[in-house]
Every structure is written in structure tokens, then in C-alpha cells.
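# Breakdown of the fold
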Amino acid sequence: PADLVAPFSEVRRAIYTYSPTFQQAVLADFIREGHFARHIRKTREICRVRRAALVEALANHVPALSVLGDPAGMYLAGSMPNGFPDREISLQAAREGLWVAPLSECYSESPRPGFVLGYGCAGVDEIADGIRTLGRLIGTVRSARRRLAR
């Protein structure tokens, strides 16, 4: 927006006293010599393998989760049936050292329960162990809710 150009320009001048020409030249060489493309290819393969491990573990331990979106990136979003307590499960998972974001918090209206799961920095074995733990937590919460409903 035009009304923000002046304030942003002023902040940039205050923060940067020089243009980082050396860093730009190094980055340009890195890209031109093919290192960046090689890095991207390697990262895509690593993420493909990790995502496949995640999808397989979910099918085995959290079969009610429906995977959403394209098979790309470093995160997987999955929905659970309506009424599923994704926030409660996420808190339980955090207590056990798992980062499991509730999908419902990504919606401003008509929240959809589920999870956002990161796999970019987890190995295949860690993914399998984490999803086994998530499946156990879901079972524990469901059992507790059934007992309370009686």
C-alpha cells in the first residue's frame, strides 16, 4: 500500500546502513553453481520419505484422520470427525513432548477438528513413535469421555 512506503523506507534506512553486496554475490554464486537446486532436490526427497512414513503411521494408529491438501511441504493437515477434541489432545501431546497443533485453531468460523503435523525435522523412526503416542492419547481421551458419559 502506498501509505506504508514511507514508513517502511524509513525503517529500512534505520536498520540497514549498507547493501549486503557480498552476501548477495555469494548467494548468486551458490544458485548459479547449482547448489541451491541440489539442496531443493535433496530436501524434496527427504520430505517425500518422511511424509510417506507419516501417512502410513496415521493409517495404522489414527485411522479416523483424513489427510488434507497436496503431498508437499513439511507439514500435513488432517481432519477428524466433528466434535473431536483436537485442542485437548494437542495439550496432552505437548505434555508428552509432541508438537501437534489443533487444526480447529486455524479456522475463524466453523472450526474443523484435526491436526497440523510437522515432519520436516523428524526422522522416520521419530515420526512412527510420535504417531503411536498420538494414537494412544486419542484412545485414552476417548475412553475417559465414554466413562464420563455413562
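Okay, so let's go over this structure. Quantities reported herein were computed from a predicted structural model and do not represent experimental measurements.

### Focus on the overall build of the chain
- The helix and strand tally for the chain stands at five helices and four strands.
- Starting at the N terminus and ending at the C terminus, the chain contains elements arranged as α-α-α-β-β-α-β-β-α.
- Computed over the C-alpha atoms, the radius of gyration of the chain is 22 Å, more than 25% above the 15 Å expected from 2.2 N^0.38 for a compact globule of 150 residues.
- The dimensions of the chain, computed from C-alpha atoms along their principal axes, are 70 × 40 × 25 Å.
- Residue pairs at least 24 apart in sequence account for 61% of intrachain contacts in the chain once pairs closer than 6 positions are excluded.

### Here's the deal with the state of the cysteines
- For the structure on display, the rule yields zero disulfides.
- With no disulfide of its own, C47 lies closest to C121 among cysteine sulfurs, the gap being 9.9 Å.
- For C47, a relative accessible area of 9% puts it in the buried group.

### Thoughts on the side chain of R50
- As for its position among the elements, R50 is in helix 3 (residues 35–61).
- Those residues in contact with R50, other than ones at most four positions away along the chain, are Y119, G120, C121, A122, G123 and I127.

### With respect to unusual backbone geometry
- For S110, which is not a glycine, the phi torsion comes out positive at approximately 45°.
- With respect to the element layout, S110 can be found in the loop between strand 3 (100–102) and strand 4 (114–118).
- Judged by relative accessible area, S110 falls into the exposed class, the value being 64%.

Basis of the calculations
For every chain, the first residue of the written sequence is number 1, and numbering continues from 1 along that sequence. Only residues with pLDDT of 70 or above have their local features reported here, since the model is predicted, and side-chain atom pairs are shown and tallied only from 80 upward, although totals for entire chains, interfaces and linings are computed over all residues. Values reported for side chains reflect all heavy atoms of the structure, with hydrogen atoms and water molecules removed beforehand. Secondary structure elements are defined from DSSP: runs of H or I of at least 4 residues count as helices, runs of E of at least 2 residues count as strands, and each element is numbered from the N terminus. The globule rule used for comparison is 2.2 Å times the number of residues to the exponent 0.38, while the radius of gyration itself is calculated over C-alpha atoms. In what follows, a contact means two residues having at least one pair of non-hydrogen atoms within 4.5 Å. Defined by distance alone, a disulfide is two cysteine sulfur atoms within 2.5 Å. For every residue, the accessible area (1.4 Å probe, protein chains only) is compared with the maximum for its type, and the residue is labelled buried under 20%, exposed over 50%, or partly exposed between those bounds.

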